[in-house]
Amino acid sequence: MTAIDPDTLTAEARRARRFTRINKADAWFKVFGLAWVTPILKAAAGDNPRAQVSEIWKLLGVPVLAIAIFLGAWSVLAPTVQTSLGAIPGPAQVWEQAVNLNADAVRERAKEAAFYDRQDTRNAALIADGRAEDVKDRAYTGKPTYYAQIWTSIKTVFFGFLIASLIAIPLGIFAGLSATANAAINPLIQIFKPVSPLAWLPIVTMVVSAVSASNDGMFSKSFLVSAITVTLCSLWPTLINTALGVSAIDKDLVSVSKVLKMSTYAKITKLVLPSALPLIFTGLRLSLGVGWMVLIAAEMLAQNPGLGKFVWDEFQNGSSQSLAKIMVAVFTIGIIGFLLDRVMFALQSMFTFSENR
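Residues numbered from 1 in each chain as written. Predicted model: local features only at pLDDT ≥ 70, side-chain atom pairs only at ≥ 80, totals over all residues. Heavy atoms only, no water.

Counting 38 residues, the largest nonpolar core has Tyr146, Val157, Trp292, Leu307 and Ile336 as the members making the most contacts within it. For this core, the element with the most residues is helix 10 (residues 264–302), which contributes 12 residues. Those residues in contact with Leu307, other than ones at most four positions away along the chain, are Tyr146, Gln149, Ile150, Ser153, Trp292, Ile296, Glu299, Thr332, Ile333 and Ile336. Formed by 9 residues, the second largest nonpolar core is a distinct cluster that contains Ala168, Ala175, Ile185 and Ile189. (Core = buried A, V, L, I, M, F, W, Y, C linked by side-chain atoms within 4.5 Å. Buried < 20%, exposed > 50% of the residue type's maximum accessible area, 1.4 Å probe, protein only. Helix = DSSP H or I, 4+ residues; strand = E, 2+ residues; numbered from the N terminus. Contact = heavy atoms within 4.5 Å.)

For the coordinates displayed, the defined rule picks out 10 aromatic pairs. Centre to centre, the rings of Phe70 and Trp74 are 5.8 Å apart; their planes meet at 40°, and the pair counts as tilted. Of this pair, Phe70 and Trp74 both sit in helix 3 (residues 49–77), 4 residues apart, which is roughly one turn of that helix. Overall, Phe70 belongs to the partly exposed group, its relative accessible area being 46%. When its relative accessible area of 11% is taken as the criterion, Trp74 is described as buried. Here the aromatic rings of Phe192 and Trp236 are separated by 6.5 Å at their centres, their planes lie at 15°, and the arrangement is stacked. With Phe192 in helix 6 (residues 179–192) and Trp236 in helix 8 (residues 221–247), this residue pair connects regions lying 44 residues apart in the sequence. Overall, the relative accessible area of 31% leaves Phe192 in the partly exposed class. The class for Trp236 is buried, based on a relative accessible area of 10%. Within the aromatic cluster, the residues linked to one another by ring pairs are Phe70, Trp74 and Phe331. (Phe/Tyr/Trp six-rings, centres within 6.5 Å; stacked < 30°, edge-to-face > 60°.)

All right, on to the side chain of Asn123 then. By secondary structure assignment, the location of Asn123 is in helix 4 (residues 91–128). When its relative accessible area of 7% is taken as the criterion, Asn123 is described as buried. A polar contact of 3.2 Å, which involves the side chain of Asn123, links it to the backbone oxygen of Lys136. For Asn123, the residues in contact, after removing those within four places along its chain, are Val135, Lys136 and Asp137. (Polar contact = N/O pair within 3.5 Å; in protein donor to acceptor, adjacent residues only side chain to side chain.)

Taken together, the side chains of Trp28, Phe32, Leu34, Val343, Leu347, Met350 and Phe351 define a hydrophobic patch exposed on the protein surface, amounting to about 620 Å² of accessible area. The leading source of residues in the nonpolar patch is helix 12 (residues 322–356), at 4 residues. Mapped onto the elements of the fold, Phe32 is located in the loop between helix 1 (6–31) and helix 2 (37–44). In this structure Phe32 comes out as partly exposed when scored by relative accessible area, which is 46%. (Patch = residues over 30% accessible without salt bridge, like charges linked within 9 Å, V, L, I, M, F, W, Y side chains within 5 Å. Areas by Shrake-Rupley, 256 points an atom, 1.4 Å probe, with all protein chains shown as cover. Salt bridge = Lys/Arg side-chain N within 4 Å of Asp/Glu carboxyl O.)

This part is about helix 2. Residues Val37, Thr38, Pro39 and Lys42 constitute the buried set of helix 2. Phi for Gly46, located one or two positions after helix 2, is positive at around 90°.

A separate point is the pattern of salt bridges. Scanning the entire structure with this criterion turns up 5 salt bridges. Taking the shortest distance from any N to any O, the salt bridge between Arg342 and Asp341 comes out at 3.5 Å. Take Arg342: its relative accessible area is 15%, and that puts it in the buried class. Residues joined by salt bridges that share partners form a network here, namely Arg285, Asp341 and Arg342.

Our next topic: the environment of Ser220. Within the secondary structure layout, Ser220 lies in the loop between helix 7 (197–211) and helix 8. When its relative accessible area of 7% is taken as the criterion, Ser220 is described as buried. For the pair Ser220 and Val208, spaced 12 residues apart in the sequence, the C-alpha separation amounts to 9.6 Å. A polar atom in the side chain of Ser220 sits 3.3 Å from the side chain of Ser222.

Looking now at helix 10. Compared with an ideal rise of 1.5 Å per residue, which puts 39 residues at 57 Å, helix 10 spans 43 Å between its outermost C-alpha atoms and falls more than 12% short. At Leu277, helix 10 is bent by approximately 60°, the largest bend along its length, and proline Pro278 sits one to four residues beyond. Directly after helix 10, the chain includes Gln303, whose backbone phi takes a positive value near 60°. (Expected span 1.5 Å × (residues − 1). Bend = angle between axes of the 7 residues up to and from the residue.)

The next thing to look at is the side chain of Ser234. Turning to its location among the elements, Ser234 is positioned in helix 8. Within polar-contact distance, the side chain of Ser234 engages the backbone oxygen of Val230 at 2.7 Å.

Quick look at the structure:
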């Protein structure tokens, strides 16, 4: 009988645990768009390095090569295209303006900090002189930084998306459970789903202006106009996918719920939502993507604060640097859109994982 070295068994156990951890982490790497990390970790752990190198090339090397080819073609072709604002900027010029926008934001934050320091010093002197009634706190009114405009757009799209979800999911469940409700809601979906945000915007602007008189604070008129426009254009994918997911529930499960005499609340929370969750999240991801595109168009047309207004202002500015700044905004919009989708995908993975446990 051949004896087995205990050290060999221990090493094999450690190796098996290491690969188990890597396989568990792989699901989250995929969620965050980092699937290429898994073959790197497996190769480092000694799992068929040649096969893992091939996987790394497919998941990381090919995309990096494609980006490099894109940047090279952009660098070569951009100077050959002349516009009213000069030649199309290449990657170097766009990166330079990105650095400049960051520097402008740093300077603006320094000005804001200096403004509040001066105000605090002045107010402290007034209080020391017994003139507390003359103390005044004023808000800094400098121009918004590029980062402030990004944050404004993100807040607006999430608010509009939240309202759209609160409307679309219950309506979708109602339409999925009832053929009569579906027959009533479906014509409205078919009529309003194709409507452009540019058509909704004037109507929303007039309604909000009639209802809201203030343009200050978090729920200012400009914020509400953009957010409601996002809501009206982004609720349809969630509504349609929710109704589809609910209507596709196994009829046997529905029959069981009737036999068990489940309440409506229990039926929705214990049966409907878990079964329809994948399609609901698909609708939410589509809605958030639509909302982000709609928001930029709404901000440009209505001149509401945010990235859309930044793009329009730079276009109107017409300086030699404007086109490069617009392209910085284009890349920013694309990257944020990708990150928003990853956030929704991560939430979907968390919920579906918890449902399957």
